[in-house]
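Listed below are the residues making up each chain.
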Amino acid sequence: MIVLKTARELSLMREACKISARALKIAGEAVQPGVSTLEIDTLVRKYIEKQGAVPSFLGYGGFPNSACISVNDTVIHGIPSKKRILKEGDIVSVDVGAYIGGYHGDNAWTFPCGKISDEAQALLDATRESLFKGIEKAQPGNRIGDIGSAVQQYVEERSYSVVRDFVGHGVGAKLHEEPSVPNFGTPGRGPRLLPGMTIAIEPMINMGSYRVKVLEDEWTTVTVDGSLSAHFEHTIAITPDGPKILTLPD
Amino acid sequence: MDIVKGRIVKAKAGRDKDKFFVVVDIYKNTAYICDGKTRRIEKPKRKNVLHLAPTAEMADEFNSNRKIREILKNYRGD
């Protein structure tokens, strides 16, 4: 069942999303060569706790940390580790959410570590732009398929591929709610977008094939062909005046 | 988000660092945690609340070691 949020609930969600966005910003500033992914996770966790919130991912389905930090060919759900040291040229996707006041926020960004290759930068730019193309379509009266098809069309025109196995999702009192928000699809299909819906749109785009696999740790998801993958995500609210990004730092 | 009875938490310090537990009792700044295995209900581990990271999840029933193990089954420590 798709839950529509009242104005009061939306302002609670905005709080959770604001903290999520600031935590993501802190993570981004920490992405430097020589830093371990665990250090970034700890910074994120400490910040979220200091705001009186709880990291949405910690313990969720058993996930052991507060942020998913996925480097290069890791698509999503990378587990922060002190053994994973970032180096110049890496692309680092950080996905983080905060839970406060009974509501979750969820956002993600792929950061360059130092200087990255032109191809990597192009992938990041395209994925980031596809997120905004998807958000543009999140108007009341449109359908879920309009978002996914906009993302898919934008990146496939540039010869990238859309990950099929993982999708965006509704956000609210639970981290993952209905509806699913795939990053691919057919315009005019799927549930109708109504004011009060809060969804996380999160394109996961690969430089090579769309195929991904989950490693033995049951979390880390990598591209099957080893190509680079980028991930950008915002939690947005559908309002009568159009989409409103909730996960902004201010 | 609080450390209260039933909250699932992750230990931040100690030899059980990075493992998940259920808070079975709490008094002021001292919590008592169990995982049903190495820290059983009969003798919970005392922890300073500052050394516990709360998750968003709560355990509804934690009156037996078996139930606690069941609840924590999917929680990984690294």
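In this text the structure is predicted, and so the values were computed from the model without any measurement. (Residues numbered from 1 in each chain as written. Chains lettered and ligands numbered in written order. Predicted model: local features only at pLDDT ≥ 70, side-chain atom pairs only at ≥ 80, totals over all residues. Heavy atoms only, no water.)

Participant: How would you explain the overall build of chain A if you had to name every residue and give the values?
Facilitator: Each helix and strand counted, chain A has 4 helices and 17 strands in total. Counting only C-alpha atoms, chain A reaches 45 × 45 × 30 Å along its principal axes. In chain A, buried positions account for 56% of the 250 residues. Counting only contacts in chain A whose residues sit at least 6 apart along the sequence, the fraction spanning at least 24 positions is 71%. Entry remark: accessible area of chain A is about 10,100 Å², with carbon and sulfur atoms responsible for 52%. Across chain A, 26 positive and 30 negative side-chain charges occur, with their mean positions spaced 4 Å apart. (Helix = DSSP H or I, 4+ residues; strand = E, 2+ residues; numbered from the N terminus. Buried < 20%, exposed > 50% of the residue type's maximum accessible area, 1.4 Å probe, protein only. Contact = heavy atoms within 4.5 Å. Areas by Shrake-Rupley, 256 points an atom, 1.4 Å probe, with all protein chains shown as cover. Lys, Arg positive; Asp, Glu negative; His and termini not counted. Charge placed at Lys NZ, Arg CZ, Asp CG, Glu CD.)

Participant: Tell me about the interface of chain A and chain B, and name the residues and values.
Facilitator: With 19 residues of chain A in contact, the opposing surface of chain B contributes 13 residues. Between chain A and chain B the total buried area reaches about 1,200 Å² when both faces are included, carbon and sulfur atoms providing 59% of it. Of all residues in chain A, the largest losses of buried area upon contact with chain B belong to A:Val54, A:Leu58 and A:Pro64, amounting jointly to 35% of the total for that side. Across the chain A-chain B interface, the total number found is 1 salt bridge. In this assembly, chain A and chain B are joined by 3 residue pairs in polar contact (both at pLDDT 80 or more). Those elements giving two or more residues to the side of chain A that touches chain B turn out to be α2 (37-50) and β1 (54-55) of chain A. In terms of residue class, the side of chain A that touches chain B is built from 10 nonpolar, 6 polar and 3 charged. (Buried area = accessible area lost by both parts, 1.4 Å probe. Salt bridge = Lys/Arg side-chain N within 4 Å of Asp/Glu carboxyl O. Polar contact = N/O pair within 3.5 Å; in protein donor to acceptor, adjacent residues only side chain to side chain. Nonpolar A, V, L, I, M, F, W, Y, C, P; charged D, E, K, R; others polar.)

Participant: Before we move on, could you go through the side chain of A:Glu202 and cite the residues and values that matter?
Facilitator: Residue and element names in this part refer to chain A. Here Glu-202 is to be found in the loop between β11 (198-201) and β12 (204-206). For the buried Glu-202, no salt bridge is present, and the opposite-charge side chain at shortest range is Lys-5, 14 Å distant. Separated by 3.3 Å, the side chains of Glu-202 and His-169 make a polar contact. Discounting chain neighbours no more than four positions away, the residues touching Glu-202 are Asp-95, Val-167, Gly-168, His-169, Asn-183, His-231, Phe-232 and Glu-233.

Participant: Describe the packing of helix α1 (residues 7-30) of chain A against α2(A), naming the residues involved and giving the relevant values.
Facilitator: Residues and elements named next belong to chain A. Running from N to C, α1 and α2 point in directions that differ by 150 degrees, and their axes come no closer than 9 Å. With respect to α2, the element α1 is oriented roughly antiparallel. Handedness of the crossing formed by α1 with α2: right-handed. Counted together, Ile-19, Arg-22, Ala-23, Ile-26, Ala-27 and Ala-30 of α1 and Ile-40, Leu-43, Val-44, Tyr-47 and Ile-48 of α2 form the full contact between these two elements. (Axes fitted to C-alpha atoms, helices over the stretch in contact; angles between N-to-C directions. Parallel < 35°, antiparallel > 145°, perpendicular 65-115°, else oblique. Left-handed = near helix turned anticlockwise from the far one by under 90°.)

Participant: Can you lay out helix α3 (residues 118-136) of chain A for me, pointing to particular residues and giving the numbers?
Facilitator: The end-to-end C-alpha separation of α3(A) is 27 Å, in line with the 27 Å expected for 19 residues at 1.5 Å each. Residues of α3(A) that are buried: A:Ala120, A:Leu123, A:Leu124, A:Ala126, A:Thr127, A:Ser130, A:Leu131, A:Gly134 and A:Ile135. (Expected span 1.5 Å × (residues − 1).)

Participant: Give a description of the packing of aromatic side chains that names residues and reports values.
Facilitator: Here the distance between the centres and the angle between the planes together describe a pair of aromatic rings. Within the structure shown, the criterion is met by 3 aromatic pairs over all chains. Centre to centre, the rings of A:Trp109 and A:Phe232 are 4.8 Å apart; their planes meet at 75 degrees, and the pair counts as edge-to-face. Residue A:Trp109 is located in strand β7 (residues 107-112), and its partner A:Phe232 is located in the loop between β15 (229-231) and β16 (234-239); the two are separated by 123 residues in the primary sequence. Residue A:Trp109 is classed as partly exposed on the basis of its relative accessible area of 24%. Classification of A:Phe232 by relative accessible area gives buried; the value is 0%. With a centroid separation of 5.2 Å and an interplanar angle of 55 degrees, the aromatic rings of B:Phe20 and B:Tyr75 are classed as tilted. With a gap of 55 residues between them, B:Phe20 in strand β2 (residues 20-27) and B:Tyr75 in the segment after α1 (65-72) connect regions that are remote in the sequence. Over the ring of A:Tyr154 we find A:Arg158; its NZ or CZ atom is 3.7 Å from the centre of that ring. (Phe/Tyr/Trp six-rings, centres within 6.5 Å; stacked < 30°, edge-to-face > 60°. Lys NZ or Arg CZ within 6 Å of the ring centre and 35° of its normal.)

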